[in-house]
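Inside the fold
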Amino acid sequence: FITADRKATQVASAVGDLASQSVELTNDDITDIFDAAEVLVRPFDSSTLTVIVSSIERDGNQFRVLWSEALNTASRGVGSTVALPDEDLIPAGTGQTIILSEVQYVHNSPLGNMFTDGLSVTDTFYLRPRRTLSVARVP
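Residues numbered from 1 in each chain as written. Predicted model: local features only at pLDDT ≥ 70, side-chain atom pairs only at ≥ 80, totals over all residues. Heavy atoms only, no water.

This brings us to the overall build of the protein. Across its full length, the protein holds two helices and six strands. Relative to a compact globule of 139 residues, whose C-alpha radius of gyration would be 14 Å, the protein shows 16 Å and is just as compact. Over its C-alpha atoms, taken along the principal directions, the protein stretches across nearly 55 × 30 × 20 Å. Of the roughly 7,400 Å² of accessible surface on the protein, a fraction of 48% belongs to carbon and sulfur atoms. Computed over 10 positive and 18 negative side-chain charges, the separation of the two mean positions in the protein equals 4 Å. (Helix = DSSP H or I, 4+ residues; strand = E, 2+ residues; numbered from the N terminus. Rg over C-alpha atoms; globule rule 2.2 N^0.38 Å. Areas by Shrake-Rupley, 256 points an atom, 1.4 Å probe, with all protein chains shown as cover. Lys, Arg positive; Asp, Glu negative; His and termini not counted. Charge placed at Lys NZ, Arg CZ, Asp CG, Glu CD.)

Structure, rendered in structure tokens:
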């Protein structure tokens, strides 16, 4: 379980890092990022891995989703609001965005008799784009 928890953290970090390094993300880029996530979770089964990567902007005192993509789950709705742990993550009036990387992994223990539904681990990373104020999502 500890290893599965570390894998979830590694996946959340890597997905956010890969997305934040780009100026724009295409469908192929998103596919590559999610393929990397599935590789990173090995040797565990990736079928219970869910990943959401989103670009978040500040709109006054609210934080809204510019775009969102997901693996094995639904993405966040464009324009929906997100609660951030610290509103200073996106300074007001700068045009700055952040990449939000969210991961959940359900680990099915070999001790299945004790934990029949598996044990869930989650992690979230917030990263600033490195080469631009906002990572664009293009088809």
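Now for the packing of helix H1 (residues 2-20) against helix H2 (residues 27-40). The N-to-C vectors of H1 and H2 enclose an angle of 160°; their axes lie 9 Å apart at closest approach. Judged by the angle between their axes, H1 and H2 are roughly antiparallel. Handedness of the H1/H2 crossing: right-handed. Judged by residue contacts, Lys7, Gln10, Val11, Ala14, Val15, Leu18 and Ala19 of H1 engage Ile33, Ala36, Ala37 and Leu40 from H2. Considered class by class, the residues forming the contact of H1 with H2 number nine nonpolar, one polar and one charged. (Axes fitted to C-alpha atoms, helices over the stretch in contact; angles between N-to-C directions. Parallel < 35°, antiparallel > 145°, perpendicular 65-115°, else oblique. Left-handed = near helix turned anticlockwise from the far one by under 90°. Contact = heavy atoms within 4.5 Å. Nonpolar A, V, L, I, M, F, W, Y, C, P; charged D, E, K, R; others polar.)

This paragraph deals with the pairing of strand S3 (residues 62-71). As judged from the nine bridges shared by strand S2 (residues 49-59) and S3, these two strands associate in the antiparallel manner. Residue pairing for S3: Arg58 is matched across the bridge by Phe63. Connecting the antiparallel pair S2 and S3 is a turn made up of two residues, with Gly60 showing a positive phi of about 70°. (Pairing = 2+ DSSP bridges.)

Omega for the bond connecting Arg42 with Pro43 falls within 30 degrees of zero, at 10°, which places this linkage in the cis form. For Pro43, the location among the structural elements is in the loop between H2 and S2. The phi angle at Asn72 is positive, at roughly 65°, despite the residue not being glycine. Its location among the elements puts Asn72 in the loop between S3 and strand S4 (97-107). Looking at Asn72, the relative accessible area reads 42%, which means it is partly exposed. (Buried < 20%, exposed > 50% of the residue type's maximum accessible area, 1.4 Å probe, protein only.)

Another point: the nonpolar core. Ranked by size, the top nonpolar core spans 22 residues in total, and within it Val11, Leu49 and Val51 carry the most contacts. Elements represented by at least two residues in this core include exactly H1, H2, S2, S3 and S4. The element that contributes the greatest number of residues to this core is H1, accounting for six residues. Among all residues touching Val11, those that are not within four sequence positions of it are Ala37, Leu40, Val41, Leu49, Val51 and Val103. Within the second largest apolar cluster, eight residues are counted, among which are Phe63, Val65, Val82 and Leu84. (Core = buried A, V, L, I, M, F, W, Y, C linked by side-chain atoms within 4.5 Å.)

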